[in-house]
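Listed below, chain by chain, are the residues.
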Amino acid sequence: GEEQRMGESQPETIDTPTTRLMSVLSGVLGSMEDLETYLNNLVFAVMTNIDGCDAVGVTVVMEDRPRTAAYTTAKTLEIDAVQYAVGDGPCLDAFRHGRENLVDLGGALERWPMFTASVPIDHAQTLFAVPLVSGTRCFGALNLYGEQRHAFDHSDVELVRLAATRAADAIGAVVDVEGARTVAAQMEQAMASRAVIEQAKGVLMGRHGVDEKEAFELLRQQSQRLNVKLRSLAAELVSGASSRPSEDEMPA
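Analysis parameters
- Residues numbered from 1 in each chain as written.
- Predicted model: local features only at pLDDT ≥ 70, side-chain atom pairs only at ≥ 80, totals over all residues.
- Heavy atoms only, no water.
- Pairing = 2+ DSSP bridges.
- Helix = DSSP H or I, 4+ residues; strand = E, 2+ residues; numbered from the N terminus.
- Axes fitted to C-alpha atoms, helices over the stretch in contact; angles between N-to-C directions.
- Phe/Tyr/Trp six-rings, centres within 6.5 Å; stacked < 30°, edge-to-face > 60°.
- Buried < 20%, exposed > 50% of the residue type's maximum accessible area, 1.4 Å probe, protein only.
- Expected span 1.5 Å × (residues − 1).
- Disulfide = S-S within 2.5 Å.
- Polar contact = N/O pair within 3.5 Å; in protein donor to acceptor, adjacent residues only side chain to side chain.
- Contact = heavy atoms within 4.5 Å.

1. Considering the sheet that holds strand 4 (residues 126-134)
The strands that make up a sheet are held in pairs by hydrogen bonds between backbone atoms, and each pair lies either parallel or antiparallel. Spatially, the five strands line up as an open sheet ordered 2-1-5-4-3, and their pairing is antiparallel. Whereas interior strands pair on both sides, the edge strands pair on one side only; in this sheet they are strand 2 (65-71) and strand 3 (101-104). Recorded for the sheet is a direction-independent mean angle of 20 degrees between the axes of neighbouring strands.

Right under this line is the structure:
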């Protein structure tokens, strides 16, 4: 009887993409710094838990300007930059109209010819943008890119919606505390330091023989372990690339 009662009071959590994603996305945020870490964790959790997903980014529109607040690879930044430059594409459309866009490159060509003409064909065959809606506010879009056609299925869509809602609520919470203008300024500052993060990834790729995703993952894990901002760690890594033993910088 005792054993049974204990078993009943502690149900086992079934390990699914949803439970894995939710464990990453729980918690309360109080500052922009928390938000940056949260969104970085979110994009990697989405990419890891959704088959067929090769890159993820979060576009946040503040003060009428879209910015990529978190991304998994430089490829995400390139695709986003094209949308921002031509002023249209699945992500900006999702934000403006509050609708999901799940399209392959052919469908994208029909709807956003200028955007599609400028995106390298090998970058993405499937594009999925989900608006970041929290209450009555829309903050941008969560963007997934797949290198294969028809990369995402129905269960993926549900999971992405869940992640988008969590991201939107997190952004909303920080905007309520700090104000949209402050959040926008801090995002601008974070974007200015992307070059050093890309350089640090290059150092790690060369040193450990890993790909870009793995290099970013190493950087991110170390940033969390040491409780140091990603960009500060990247700057330190780049400036001391030849002077410090690699064991100090990165976990084996």
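2. Description of the packing of aromatic side chains
In the structure shown here, the tally under the stated rule is three aromatic pairs. Taking the centre distance of 5.7 Å and the plane angle of 45 degrees together, the rings of Tyr71 and Phe216 count as tilted. Of this pair, Tyr71 sits in strand 2 while Phe216 sits in helix 11 (residues 212-226), and the two are 145 residues apart along the sequence. Judged by its relative accessible area of 2%, Tyr71 is buried. Given the relative accessible area of 1%, Phe216 is considered buried. Their ring planes at 35 degrees and their centres at 6.1 Å tell us that Phe128 and Phe152 sit as a pair that is tilted. Taken together, the residues Phe128 in strand 4 and Phe152 in the loop between strand 5 (137-146) and helix 8 (154-178) connect sequence positions 24 residues apart.

3. Quick notes on helix 8
Relative to the 36 Å expected for 25 residues at 1.5 Å per residue, helix 8 spans 36 Å between its end C-alpha atoms, a close match to the ideal helical length. Directly after helix 8, the chain includes Gly179, whose backbone phi takes a positive value near 90 degrees.

4. Some details on the pairing of strand 2
A large share of strand 2 lies buried, amounting to six of its seven residues. A loop of two residues connects strand 1 (residues 55-62) with strand 2, the two strands running antiparallel in sequence, and Glu63 in this loop sits at a positive phi of about 55 degrees.

5. Some thoughts on the state of the cysteines
Applying the stated criterion across every chain, the model contains zero disulfides. As a non-bridged cysteine, Cys91 has Cys138 as the owner of its nearest cysteine sulfur, 9.8 Å distant. What makes Cys91 buried here is its relative accessible area of 1%. Assessed through its relative accessible area of 25%, Cys138 is described here as partly exposed.

6. A few points about the side chain of Thr68
Here Thr68 is to be found in strand 2. A distance of 2.8 Å separates polar atoms of two side chains, one belonging to Thr68 and the other to Tyr84. Beyond its immediate chain neighbours, meaning those up to four positions away, Thr68 contacts Val58, Thr59, Leu77, Asp80, Tyr84, Met191 and Arg194.

7. Some details on the side chain of Asp80
Tracing the sequence through the fold places Asp80 in helix 4 (residues 74-86). There is a polar contact of 2.9 Å between the side chain of Asp80 and the side chain of Tyr145. The residues contacting Asp80, other than those within four sequence positions of it, are Thr59, Thr68, Asn143 and Tyr145.

8. Description of the pairing of strand 1
Among the eight residues of strand 1, eight are classified as buried, and the element is accordingly described as predominantly covered. Side chains Ala55, Gly57, Thr59 and Val61 project from strand 1 onto one buried face, and the interleaved Val56, Val58, Val60 and Met62 project onto a second face that is buried too. Relative to strand 5, strand 1 runs antiparallel, the two being bridged by six bridges. The partner of Ala55 across the bridge, within strand 5, is Tyr145. When strand 1 meets strand 2, the two strands line up antiparallel, connected through six bridges. Opposite Gly57, over in strand 2, you have Tyr71 as the bridge partner.

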